[in-house]
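Structural features, examined
Okay, here's what each chain looks like letter by letter:
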Amino acid sequence: MTEEEILAHKNQIEKLSREEMCRLWRFAPAGHPYFQRDLPLWEVFEARFEKLGRFSPEISKKIG
């Protein structure tokens, strides 16, 4: 992944809502770049997800 692609993904992560992040966490296909720990996107996603409060019972029920 190029530096430009990484920057574009970082910008996308910063725009995700809490619910969108929960959906990705639960339903993203194996190998999704946001969850590959060898890419810096994992750290960006993890920090924002933590900041937004991660899952709540309400969100969990809503997304299934």
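Quick notes on the rules
Residues numbered from 1 in each chain as written. Predicted model: local features only at pLDDT ≥ 70, side-chain atom pairs only at ≥ 80, totals over all residues. Heavy atoms only, no water. Phe/Tyr/Trp six-rings, centres within 6.5 Å; stacked < 30°, edge-to-face > 60°. Helix = DSSP H or I, 4+ residues; strand = E, 2+ residues; numbered from the N terminus. Buried < 20%, exposed > 50% of the residue type's maximum accessible area, 1.4 Å probe, protein only. Salt bridge = Lys/Arg side-chain N within 4 Å of Asp/Glu carboxyl O. Core = buried A, V, L, I, M, F, W, Y, C linked by side-chain atoms within 4.5 Å. Contact = heavy atoms within 4.5 Å. Axes fitted to C-alpha atoms, helices over the stretch in contact; angles between N-to-C directions. Parallel < 35°, antiparallel > 145°, perpendicular 65-115°, else oblique. Nonpolar A, V, L, I, M, F, W, Y, C, P; charged D, E, K, R; others polar.

Here we take up the packing of aromatic side chains. For any pair of aromatic rings, the description rests on two quantities: the centre-to-centre distance and the angle between the ring planes. Under the counting rule described, the total for this entry stands at nine aromatic pairs. Look at W25 and F45: their rings are 6.4 Å apart centre to centre, the planes differ by 15°, and that puts the pair in the stacked class. Here W25, found in helix α2 (residues 18–27), pairs with F45, found in helix α3 (residues 41–52); they are 20 residues apart in sequence, far enough to count as distant. Of the residues examined, W25 reaches a relative accessible area of 37% and is grouped as partly exposed.

As a further point, take the pattern of salt bridges. In total, this model carries four salt bridges according to the counting rule given. For E46, the salt bridge identified is with R54, shortest N-O distance 2.0 Å. Ionic pairing is found between E50 and R54, a salt bridge with its closest N-O pair at 2.8 Å. Judged by relative accessible area, which is 23%, R54 ranks as partly exposed.

One recurring pattern in soluble globular proteins: nonpolar side chains tend to sit buried together. If you look at the biggest cluster of nonpolar residues, it comprises twelve residues: I6, I13, L16, M21, C22, Y34, L41, V44, F45, F49, I59 and I63. Broken down by secondary-structure element, the contributors of at least two residues to this core are α1 (3–15), α2, α3 and α4 (57–63). With four residues, α3 is the largest single contributor of residues to this core. Discounting chain neighbours no more than four positions away, the residues touching I6 are M1, P40 and L41.

Okay, the environment of A28 next. Considering the arrangement of structural elements, one finds A28 in the loop between α2 and α3. The residues contacting A28, other than those within four sequence positions of it, are R23 and F35.

Moving on, we come to the environment of V44. With respect to the helices and strands, the residue V44 is situated in helix α3. Residue classification places V44 among the buried residues on the basis of a relative accessible area of 19%. Linking V44 and H9, residues 35 residues apart in sequence, is a C-alpha distance of 9.5 Å. Residues contacting V44, with those up to four places away along its chain left out, are K10, I13 and E14.

This paragraph deals with the packing of α1 against α3. When two helices pack together, you describe them by how their axes are tilted relative to each other and by the distance separating the axes. It is the contact of α1 with α3, at a shortest axis distance of 10 Å, that shows an interaxial angle of 10°. As judged from the angle between their axes, α1 and α3 are roughly parallel. When α1 is examined against α3, the residues I6, H9, K10, I13, E14 and K15 are found in contact with a partner set consisting of L41, V44, F45 and R48. Of the residues in the contact of α1 with α3, the class split is five nonpolar, one polar and four charged.

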